[in-house]
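Each chain, written out:
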Amino acid sequence: MRAKHNNNIFRSGLGWKTAAWLSFVVAGIAVAACNKTFENNLRDDYGPGGGAGKKQKMLVILVDGAAGLEVQKSRAPYLTVMSDNAIYSWNGLTDTKKTPVTNALGWATLLTGVTADKHKVTGEDFTGSALQQYPTLFARLKQEKPGARTVAYGATAAFIDNLAADATEKKTYASDAAVKDAALAELTKGSGDLVLAQFHDVDAAGAAGAYSANDAGYKAAILKTDEYVQTLVESLTSRATYALENWMIIVTSNKGSVLASDPVAADKLAYDDSRRNTFFVCYAPNLKVSYKPGSLPFSGTTPVYQGGSAAATRAIGSDIGNLLDFGASGSYTIECKVKIPAGNFNYPAFLSKRSTFARDSVGWVLFLEGNYWQINFGQLGSGNRQIRGAAIADGKWHTLTVTINQQNATTRRVETFTDGVYYDGGITDASRNINGYGNLTSRAAFQIGQLNPDNVTGLSGYNVTDVKIYDTAFSRDYVGTTFCRTALPVGDPYERNLIGYWSGREIATVGGRKALAGVSGKYATTPGFSNDKLALYLSGNYGTSSFVEVLPNICPTPDANSFKVVPNSVDLVTQVCAWLGVNPPASWQLDGSTWLTSFMNL
């Protein structure tokens, strides 16, 4: 099985460390086991009879240097059409390690079905490789199906010479166009059981310009290769024996860009690294896709917060200091995800920067009243000001957003959103203006959980995750289109405004104490700053809850756990073998999985 990675916080240093993660079944979709034969599932995934009596054939098209997200942005027309009958992902990975990405590494991962930790191809010259211990797909098929005809045509000699030497027929050509013509001739009249075409122009265009759909040369190369893909795939129907064959087509890339990782986020996840970003389209004309691509599972292990006494569960930022104070002016955004049991509640707090709920207590607090939520601001001599949100006490996950917008010298407007929807509720502009409340700086620690000693109201068994504080006010449109996210995706325009983010879906140990780890985009480059300063230390009585849910109102940002639920480079060998009826033994030590209806697109 491939390595699994433990991460639920915003592209933090945890992202590259391996740890076990529970396999799961979501909406009736099970992730296929490694080395499991595809034949057992053909009846369900390839139509009635599973193609009985027809010969299995495979076409593999490799597109060097095609970064998955940039291919998606380029809107290559034929790949888009193929995805309607495909298992696909624009967020595949060539590898999850920090090993420098090269064409050779990407090719070797694809053709051996194991990661660079095993095949040892890390440079461009294959020096020190372990290809004898982990042979290529062509070598495996030569041994397991000696009668099979395998064909490899490529635009790069290093690929053909090092990874296709065991193909029945192999040849290097001087251009992608020549590779296309050779593959077309084979597909039209040849007898190949596995035909592989390797194209290199996209990578060359990226190296000459930029690995971006905004670069004219790179996009043009993608679209030209898309035309080649269309020509090859559509040629299959002209074969004299087509009615007697079952063809599966895989189009994928060996790697993404050659750009260095963002130096500010040196410990970022592999999904944030454009060098490792690949795409994977596994297509068959009659493939039955029972689960349409949509969302990744929302998952983690979170504290279950309890109230009702001085021992209520709390996660307290005792070392944060004044980093989260809102002061007398300025714009901010608060966001969190909550799951509140069904019921009606009398003022229990669940997120705050305030010492008590008492009148004239300075700061702010998110709390429940009845079955809906509100934010309350307090100031000495001014009492409390409350702005409400929608009903959320229904046992379901919701995203709550508060924007505090310093519009001018006299107006500091507060707006609330539930699952991205602005709550009007007849609240007047004057009531939304907290400018008169002055300096909201509080000596109290930032915390998740109920305040002590007041508001002991019996609220228990609730969850709070994905807490974010920004030093800017989001627009209504931005909230409406991004509320469902968990961690920020790479390149988010507000990354440097993020004062703190706590996923709350992973309990860490910080300084020997159980805590919810936090990370900052705003202070990431500040000398002497450590994310440990943001730790929310757990106290009181609490249990934990592990969950995996696919939800229409939450769209988790891809993290290391996602590597288990999307197609990746190491899956190519297992998928090809499964389609051609070869059941890889455990001794092959493959790291890939077969992807039937067990997939999700990002």
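The structure this text deals with has already been given above.
Residues numbered from 1 in each chain as written. Predicted model: local features only at pLDDT ≥ 70, side-chain atom pairs only at ≥ 80, totals over all residues. Heavy atoms only, no water.

Draft legend 1. Molecular detail of the nonpolar core. Membership of the largest hydrophobic core comes to 47 residues, with the highest contact counts inside it found for Phe350, Leu351, Phe377 and Phe446. In this structure, Leu131, Leu141, Ala152 and Phe280 belong to the second largest nonpolar core, which totals 40 residues. (Core = buried A, V, L, I, M, F, W, Y, C linked by side-chain atoms within 4.5 Å. Buried < 20%, exposed > 50% of the residue type's maximum accessible area, 1.4 Å probe, protein only.)

Draft legend 2. Representation of the packing of helix H9 (residues 201–208) against helix H10 (residues 216–235) within the structure. Interhelical geometry of H9 versus H10 gives an angle of 175 degrees and a closest axis separation of 8 Å. The angle between the axes of H9 and H10 places the two elements in the roughly antiparallel class. Counting all contacts with H9, which are made through Asp201, Val202, Ala205 and Gly206, the residues of H10 involved are Gly217, Tyr218, Ala221, Ile222 and Thr225. Looking at the contact of H9 with H10 residue by residue, the classes come out as 5 nonpolar, 3 polar and 1 charged. (Axes fitted to C-alpha atoms, helices over the stretch in contact; angles between N-to-C directions. Helix = DSSP H or I, 4+ residues; strand = E, 2+ residues; numbered from the N terminus. Parallel < 35°, antiparallel > 145°, perpendicular 65-115°, else oblique. Contact = heavy atoms within 4.5 Å. Nonpolar A, V, L, I, M, F, W, Y, C, P; charged D, E, K, R; others polar.)

Draft legend 3. Region of the structure containing the environment of Val467. Relative to the helices and strands, Val467 is located in strand E21 (residues 460–470). It is 9.4 Å that separates the C-alpha atoms of Val467 and Val338, two residues lying 129 residues apart in sequence. If we ignore the near neighbours within four places in the chain, the residues touching Val467 are Glu335, Cys336, Leu351, Phe446, Ile448, Gly500, Tyr501 and Trp502.

Draft legend 4. Structural view of the sheet that holds strand E7 (residues 194–199). The 7 strands are arranged E4-E9-E8-E3-E7-E5-E6 in an open sheet whose pairing can be described as mixed. A strand with exactly one partner marks an edge of an open sheet, and here the two such strands are strand E4 (86–93) and strand E6 (169–172). Each strand axis lies, on average, 10 degrees off the axis of its neighbour in the sheet, ignoring direction. In this structure, strand E5 (residues 150–154) lies alongside E7, joined through 5 bridges in parallel fashion. Counterpart to Val151 in the pairing with E7 is Val195. Set on the sheet, H10 makes contact with strand E3 (55–63), E7, strand E8 (245–253) and strand E9 (277–283); between it and E3 the angle comes to about 170 degrees. (Pairing = 2+ DSSP bridges.)

Draft legend 5. Layout of unusual backbone geometry. A positive phi is found at Asp360, a non-glycine position, where the angle reads about 75 degrees. Checked against the element boundaries, Asp360 lands in the loop between strand E13 (345–354) and strand E14 (363–370). Owing to a relative accessible area of 26%, Asp360 belongs among the partly exposed residues under this scheme. In this structure, Gln589 is a non-glycine residue whose phi angle is positive, near 55 degrees.

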